[in-house]
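Okay, here's what each chain looks like letter by letter:
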Amino acid sequence: DRRQPATALSAASERARDFGDGGGTFMADFEEACAERGIPLYALPPRSPLLNGGVERSNRTFRDEFYGLPSLLADSLGAMRHKPAKALDIYNTFRPHHSLKGLTPMAYINHTYLEGAA
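Source: prediction; values computed, not measured.

*Asks:* How should the packing of aromatic side chains be read in this particular structure?
*Replies:* Aromatic ring pairs are described here by two measures, namely the spacing of the ring centres and the angle between the planes. Going through the model one piece at a time under the given rule, you end up with 2 aromatic pairs. Pairing F62 with F66 gives two aromatic rings, centres 6.0 Å apart and planes at 75°, and the pair type is edge-to-face. Of this pair, F62 and F66 both sit in helix 3 (residues 53-67), 4 residues apart, which is roughly one turn of that helix. On the basis of an interplanar angle of 50° and a centroid distance of 5.4 Å, the ring pair of F62 and Y91 is categorised as tilted. One end of the pair, F62, is in helix 3; the other, Y91, is in helix 4 (residues 77-93), with 29 residues separating them in the sequence. Feature note: the residues F62, F66 and Y91 constitute an aromatic cluster, connected by ring pairs.

Quick look at the structure:
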């Protein structure tokens, strides 16, 4: 589905930079969508978690706090599709993050960028 990379990019600012490890199902579509919007991409070397610590940490958090839960089991694929989106919402809007001094990512963005710009 070619809409997924474009949807992910629609929330990015025009000055955003994205880092990737060169993998993924939608990489060609994602690269094309970034090029169309003038967003530079920087490929990280394989097996370099020190350069990609934020993503590695979020992967670990999801593995520990979401994927291992018995409540992840669902009766249908449709019901299952809702669960990752709900977990991501909790991660970004309700769960405090130590690296953000106890703020949620959304509270940090609001405080740092939106309130600071006013």
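So that's the structure; there's more coming.
*Asks:* Where do I start with helix 3 in this structure?
*Replies:* Three or four residues apart is the spacing at which side chains of an α-helix point the same way, because the helix has 3.6 residues per turn. Across its 15 residues, helix 3 extends 20 Å between first and last C-alpha, which sits within 8% of the 21 Å expected from 1.5 Å per residue. Taken residue by residue, helix 3 has S58, T61, F62 and F66 as its buried positions. For helix 3, the angular spread of buried residues about the axis comes to 100°, placing them on one side. Each element contacted by the buried residues of helix 3 is listed here: helix 4.

*Asks:* When you look at helix 2 (residues 27-37) in this model, what are you seeing that I'm missing?
*Replies:* Burial in helix 2 covers these residues: F30, A33 and C34. One side of helix 2 carries all its buried residues, which in axial view fall inside an arc of 100°. Structural note: helix 2 exposes A28, A35 and E36 on the side pointing more than 90 degrees away from its buried face. Two residues or fewer after helix 2 comes G38, characterised by a positive phi angle close to 70°.

*Asks:* Just checking my understanding: could you explain the side chain of T61 for this structure?
*Replies:* Tracing the backbone shows T61 in helix 3. The class for T61 is buried, based on a relative accessible area of 3%. Setting aside residues up to four positions removed in sequence, T61 forms contacts with F66, Y91 and R95.

*Asks:* Even after reading the chapter, I still don't get the packing of helix 3 against helix 4, so can you show me in this structure?
*Replies:* Two elements in contact, helix 3 and helix 4, have axes separated by 12 Å at closest approach and are oriented at 115°. Taken as a pair, helix 3 and helix 4 cross one another with a handedness that is right-handed. Taking contact as the criterion, the partners of S58, T61, F62 and F66 in helix 3 are, on helix 4, K83, P84, A87, L88 and Y91. Residue composition of the contact of helix 3 with helix 4, grouped by class: 6 nonpolar, 2 polar and 1 charged.

About the thresholds
All residue numbers here refer to positions counted from 1 along the written sequence of the relevant chain. pLDDT decides what is reported in this predicted model: residues at 70 or higher carry local features, side-chain atom pairs at 80 or more are listed and counted, and totals for whole chains, interfaces and linings draw on all residues regardless. Heavy atoms from the whole structure form the basis of all side-chain values; hydrogens and water molecules are not counted. Each aromatic pair joins two rings of Phe, Tyr and Trp (for Trp, the six-membered one) with centres within 6.5 Å, and gets the label stacked for planes under 30 degrees apart, edge-to-face for over 60, and tilted for any other angle. Working definition: helices are DSSP H or I runs of at least four residues, strands are E runs of at least two. Numbering for both runs from the N terminus. The span one expects for a helix is its residue count, reduced by one, times 1.5 Å. When a residue's accessible area, from a 1.4 Å probe over protein chains only, is under 20% of the maximum for its type it is buried; when over 50% it is exposed; and in between it is partly exposed. To obtain the arc, one takes the directions from the helix axis to the C-beta atoms. By definition, residues are in contact when any of their heavy atoms lie within 4.5 Å. Orientation is described by axes fitted as lines to C-alpha atoms, over the contacting stretch for helices, and by angles from 0 to 180 degrees between their N-to-C directions. Definitions for this section: a left-handed crossing has its near helix turned counterclockwise from the far helix by less than a right angle. A right-handed crossing has that turn clockwise. Each residue gets one of three labels, nonpolar for Ala, Val, Leu, Ile, Met, Phe, Trp, Tyr, Cys and Pro, charged for Asp, Glu, Lys and Arg, and polar for the others, Gly among them.

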